[in-house]
Number of protein chains: 2
Amino acid sequence: MRRHNRTALLRRLHVAGPTTRAALATELGLNRSTIKALVDGLAESGVVEERLPRARSGAGRPSLLVLPQPHAAVVLAVDIRVEQVAIALVGLGGEMLGRNSWNLHGRQREPAEVITHVVESTQVLAADLGYPLIAAGVSVPGVVRRSDGFVHEAPNLQWTNVPLGERLGGALGCPIRVGNDAEIAALAEHLRGAARGSTDAVYVSADVGVGGGVISDGSALRGTAGYVGELGHMVVNPRGRPCYCGSRGCWETEVGELALCRALRLPEGTPRGAVIADLKALRTPERITAVLGDFREFLTVGLVNIVNVFGPELVVLGDLFTALPPSLIAEVGVEVGRRSLVSRAVGGTRVMTSSMGTDVKLIGAAELAFEPVLDMV
Amino acid sequence: MRRHNRTALLRRLHVAGPTTRAALATELGLNRSTIKALVDGLAESGVVEERLPRARSGAGRPSLLVLPQPHAAVVLAVDIRVEQVAIALVGLGGEMLGRNSWNLHGRQREPAEVITHVVESTQVLAADLGYPLIAAGVSVPGVVRRSDGFVHEAPNLQWTNVPLGERLGGALGCPIRVGNDAEIAALAEHLRGAARGSTDAVYVSADVGVGGGVISDGSALRGTAGYVGELGHMVVNPRGRPCYCGSRGCWETEVGELALCRALRLPEGTPRGAVIADLKALRTPERITAVLGDFREFLTVGLVNIVNVFGPELVVLGDLFTALPPSLIAEVGVEVGRRSLVSRAVGGTRVMTSSMGTDVKLIGAAELAFEPVLDMV
């Protein structure tokens, strides 16, 4: 019981940041003497520190704040993308203590190369920091088995049947969890972003591929054997282009980066920066509709499906979608409400863009790593 | 603890039927003396009975079977459909102890009329039986709020904002739970049908509308505020017919009863029996493709979406879908495997028809009623 309360308290401090003993007692439904014993124990082990808040509020004696100590537990977060790998060491409380990233070209994209580079780069960062890693979390744009981090298919990386969890975990020498990138971003949005406090939310993002993660009744939704769904491979256009997955007119083929390039009349392989610049240059409603009319329609159809299937209160759009004209996002939100009877039933599903920036998957990968180890801190 | 074990034992007997004390001990992970105390207690209160099996197996002394006693707990199950209402009194163990049904025409479909008729018909059945009802479960083809059984929209019944749980529960004078019909059928398939033992399964059925229920990680999936998703309103044909929901080309408009009538060149409103007879008359592959080619394609697209989104091991097709040619179902299953990368990841999602017959929603409604009350028996 004490163990359980200790973990709950650490989780609260880790996710929501410094707070007072009194607030902890209220939020966790524990009495003050229990909180005192827990905080004293954690302070003694150097996991938290208590200190006076910087800004005083009110006239009375200020309450001490309980702060998580970043170095008390450090995890490795890895974000493997099609064109780049980013890693970060993240401390208790979510602070990034060190980071590195590199681009992927040709052979560097092969699993063995990625694993070697991640391990070497981590060793450099960890040596600088001087604290051991207690766990690792990895984001991969593909179909991943949760139990052991086996990557069944990551088509845009051209990976098939890669035992990533086993190999990378073995090389790092710490517990590891591997997740689908969209699922991991959904976790980040749920714990630290727009979906905080939401029990039912969906995160959808467009990178080279399109993926989605679902929070249902407060937890991440998974299918058989821990495989997470592939929202990007919903068919939204049965007469559309063939997709590598064996289907045609998948959401990914209609609203992914390539679809945006087609709409903007940019050649395949245009650098991401140029795609974003062209999106930002669309200013008038007429131009937006002329260039992105079909794109908007297929984005809407996919979102209607997601809202009708999951009944979320909130859909967060990430990555390349955050560069879309705000007026287009607003129109899509209104149209989803008009076309989805489930949106109407739940009182109007909100559609918004992520404000977590490009670190969202790193942040989520760190949380994936922290989840099972907070009770061991 | 004893209470918890007692409920677990009752649930096992209720769902899986008569068994021996020894098997109960193994399945529930309890020792024999605990099982003996529980069974003796239940037998004393008349909730179970112990008796010799009818057929002897082996040479030794036969083990006594523990049997749930139907009259120890009786619930009301109500299946409200667009064209018919069926009710049943169901005893502990799942036996139907009495039933009645009637067709709905015109004004009889109004909520007040349906409620009055259900209450009157229940009183007649309950008086015959002589046992009190301990709970009621109701299946409705619409968007239902789980917490209080409020029906937000049941478009094919033309119901909007009907406080069904409150009104019917009040009139019956017992606890009541109301659910979406496809969700309830999924519950029945999960507890007593093809999806028994499956942690991830989807049930999809076509009546006038098309609906689906999802079992994810062993439990029913729900969205915000307990609203369940509307799989029938996934868009599978963006250039398709307008749907009353505000969207167009919904799965329901492409594979529901009306779509079947169009494919079979039957007028709208053709009696269900005639639709089924025409489906059964399709015998050659050429005729099936000529008549149901488009239908098969949209059935496939919707199932690909469902498999890619939920990653189930099994999809069960119910109601009108069970009248489709078996060769068509088999082809659709193969095609879903070919087009869904998630199906490949989970080792091949099976697609099959329900074998529970037209009572599936009644059976599920009874289970919905039993769920929260087994610990009060």
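Residues numbered from 1 in each chain as written. Chains lettered and ligands numbered in written order. Predicted model: local features only at pLDDT ≥ 70, side-chain atom pairs only at ≥ 80, totals over all residues. Heavy atoms only, no water.

Visitor: What is the right way to look at the overall build of chain A in this model?
Guide: If you tally the helices and strands in chain A, you get 13 helices and 16 strands. In terms of overall dimensions, chain A is globule-like: its C-alpha atoms have a radius of gyration of 22 Å, near the 21 Å expected for 377 residues. Taken along the three principal axes of its C-alpha coordinates, chain A extends 65 × 50 × 40 Å. Taken across its 377 residues, chain A has 57% of its residues classed as buried. Across chain A, every contact between residues at least 6 apart in sequence was considered, and the portion connecting residues at least 24 apart equals 63%. By element, 51% of the accessible surface of chain A is carried by carbon and sulfur atoms, the whole surface being about 15200 Å². (Helix = DSSP H or I, 4+ residues; strand = E, 2+ residues; numbered from the N terminus. Rg over C-alpha atoms; globule rule 2.2 N^0.38 Å. Buried < 20%, exposed > 50% of the residue type's maximum accessible area, 1.4 Å probe, protein only. Contact = heavy atoms within 4.5 Å. Areas by Shrake-Rupley, 256 points an atom, 1.4 Å probe, with all protein chains shown as cover.)

Visitor: I would appreciate a short explanation of the relation of the copies chain B and chain A in the present structure.
Guide: Superposition of the two copies of the chain requires a rotation about an axis and a shift along the axis. Of the transformation placing chain B onto chain A, the axial shift is 0.1 Å and the rotation is 180°, giving an RMSD of 0.1 Å. In the structure described here, the two chain copies are related by an operation that fits a two-fold rotation axis. Interface residue correspondence from chain B to chain A reaches 100%, placing this contact among same-surface, isologous pairings. (Least-squares fit on C-alpha atoms with pLDDT ≥ 70 in both.)

Visitor: Please clarify how the pairing of strand β4 (residues 74-80) of chain A should be interpreted in this entry.
Guide: Residue and element names in this part refer to chain A. With 7 of 7 residues buried, β4 is to be regarded as a mostly interior element. Covered by surrounding structure in β4 are V74, L76, V78 and I80 together with V75, A77 and D79, the residues of both alternating faces. Sheet topology note: the β4/strand β7 (residues 133-140) ladder contains 6 bridges and is parallel. Opposite V78, over in β7, you have V138 as the bridge partner. Both β4 and strand β5 (residues 84-91) contribute to a ladder of 7 bridges, which runs antiparallel. Pairing of V78 across the sheet is with I87, part of β5. Counting the residues between successive antiparallel strands, the hairpin from β4 to β5 contains 3 residues. (Pairing = 2+ DSSP bridges.)

Visitor: Looking at this structure, I do not really get the domain arrangement of chain A. What am I missing?
Guide: Size of an interface, as often reported, equals the accessible area lost when the parts are brought together. Residue and element names in this part refer to chain A. In terms of domain boundaries, chain A breaks down into domain 1 (2-68), domain 2 (72-184 + 360-376) and domain 3 (194-355). If you average the C-alpha positions of domain 1 and of domain 2, the two centres end up 31 Å apart. A combined buried area of about 830 Å² lies between domain 1 and domain 2, and 59% of that area is made up of carbon and sulfur atoms. Our count for the contact surface shared by domain 1 and domain 2 stands at 0 salt bridges. On the surface where domain 1 and domain 2 come into contact, there are 4 residue pairs in polar contact (both at pLDDT 80 or more). If you tally residues by element for the side of domain 1 that touches domain 2, the top one is helix α1 (residues 2-16), at 5 residues. A breakdown of the residues in the side of domain 1 that touches domain 2 according to their chemical character gives 3 nonpolar, 3 polar and 2 charged. (Domains from an automatic or database assignment. Buried area = accessible area lost by both parts, 1.4 Å probe. Salt bridge = Lys/Arg side-chain N within 4 Å of Asp/Glu carboxyl O. Polar contact = N/O pair within 3.5 Å; in protein donor to acceptor, adjacent residues only side chain to side chain. Nonpolar A, V, L, I, M, F, W, Y, C, P; charged D, E, K, R; others polar.)

Visitor: Would you mind going over the sheet that holds strand β10 (residues 159-162) of chain A with me for this structure?
Guide: By way of backbone hydrogen bonds, the strands of a sheet pair with one another, either parallel or antiparallel. Residue and element names in this part refer to chain A. What the 3 strands build is an open sheet, ordered β8-β9-β10; its pairing is antiparallel. At either margin of the open sheet sits one strand with a lone partner, and together these are β8 (143-145) and β10. Adjacent strand axes in the sheet meet at a mean angle of 15° when their direction is disregarded. As paired elements, β8 and strand β9 (residues 150-154) share 3 bridges and run antiparallel to each other. Each residue of the ladder has a partner; that of R145, found in β9, is F150. (Axes fitted to C-alpha atoms, helices over the stretch in contact; angles between N-to-C directions.)

Visitor: So what exactly am I meant to see when it comes to helix α5 (residues 164-172) of chain A here?
Guide: Think of an α-helix as turning once every 3.6 residues; residues three or four places apart then point the same way. All names here are of chain A. Every buried residue of α5 is accounted for by L164, G165, L168, G169 and L172. The arc that holds every buried residue of α5, seen down its axis, measures 105°, which confines them to one face. Exposed side chains of α5 directed beyond 90 degrees from the buried face belong to E166 and G170. Buried residues along α5 sit against β4, α4 (111-129), β7, β9, β10 and β11 (176-180). Directly after α5, the chain includes G173, whose backbone phi takes a positive value near 70°. (Arc of directions from axis to C-beta.)

Visitor: Looking at this structure, I do not really get the pattern of salt bridges. What am I missing?
Guide: Two side chains bearing opposite charge may form a pair once their charged atoms approach each other closely. Scanning the model with the defined rule gives 46 salt bridges over all chains in all. Here R21(A) makes a salt bridge to D40(A), at a shortest N to O gap of 3.1 Å. With R21(A) in helix α2 (residues 21-28) and D40(A) in helix α3 (residues 32-44), the pair connects residues that are 19 residues apart, well separated along the chain. For R21(A), a relative accessible area of 24% translates into the label partly exposed. Look at D40(A) and you get partly exposed, because its relative accessible area is 26%. Among the ionic pairs, D181(B) bridges to K361(B), the shortest N-O distance being 3.5 Å. Taken together, the residues span a long stretch of sequence, with D181(B) in helix α6 (residues 181-192) and K361(B) in helix α13 (residues 360-370) at a distance of 180 residues. The burial state of D181(B) is the same as that of K361(B); both residues are buried. When salt bridges that share partners are traced, they join D79(A), R81(A), D181(A), D319(A) and K361(A) into one network.

Visitor: Would you explain the interface of chain B and chain A in this entry?
Guide: Taken residue by residue, the interface counts 41 residues in chain B and 42 residues in chain A. Summed over both sides, the interface of chain B with chain A buries roughly 3600 Å², with 58% coming from carbon and sulfur. Taken together, the links from chain B to chain A amount to 2 salt bridges. The salt bridge involving R344(A) is made with E153(B); its shortest N-O contact spans 3.8 Å. Inspection of the region where chain B meets chain A yields 10 residue pairs in polar contact (both at pLDDT 80 or more). Secondary structure elements with two or more residues in the side of chain B that touches chain A: β9 (150-154), α10 (285-310), α11 (326-339) and α12 (341-345) of chain B. Tallied by class, the residues present in the side of chain B that touches chain A amount to 20 nonpolar, 12 polar and 9 charged.

Visitor: Explanation requested: the sheet that holds strand β7 (residues 133-140) of chain B in the structure shown.
Guide: Residue and element names in this part refer to chain B. On the basis of which strands lie adjacent, the open sheet formed by 5 strands has the order β6-β5-β4-β7-β11 and mixed pairing. The sheet is open, and its two edges are formed by β6 (96-103) and β11 (176-180), each paired on a single side. Each neighbouring strand pair of the sheet contributes to a mean axis angle of 15°, computed without reference to strand direction. On the sheet, α13 packs against β4 (74-80), β5 (84-91), β6, β7 and β11 and is oriented at approximately 135° with respect to β4.

Visitor: Would you explain α11(B) in this entry?
Guide: Residues and elements named next belong to chain B. Between its first and last C-alpha, α11 extends 20 Å over 14 residues, near the 20 Å set by a 1.5 Å rise per residue. Along α11, the residues classified as buried are L328, I329, V332, G333, V336 and R339. For α11, the angular spread of the buried residues around the axis is 140°, confining them to a single face. Exposed side chains of α11 directed beyond 90 degrees from the buried face belong to P326 and V334. On its buried face, α11 is in contact with α10, β15 (314-319), α12 and β16 (350-353). (Expected span 1.5 Å × (residues − 1).)

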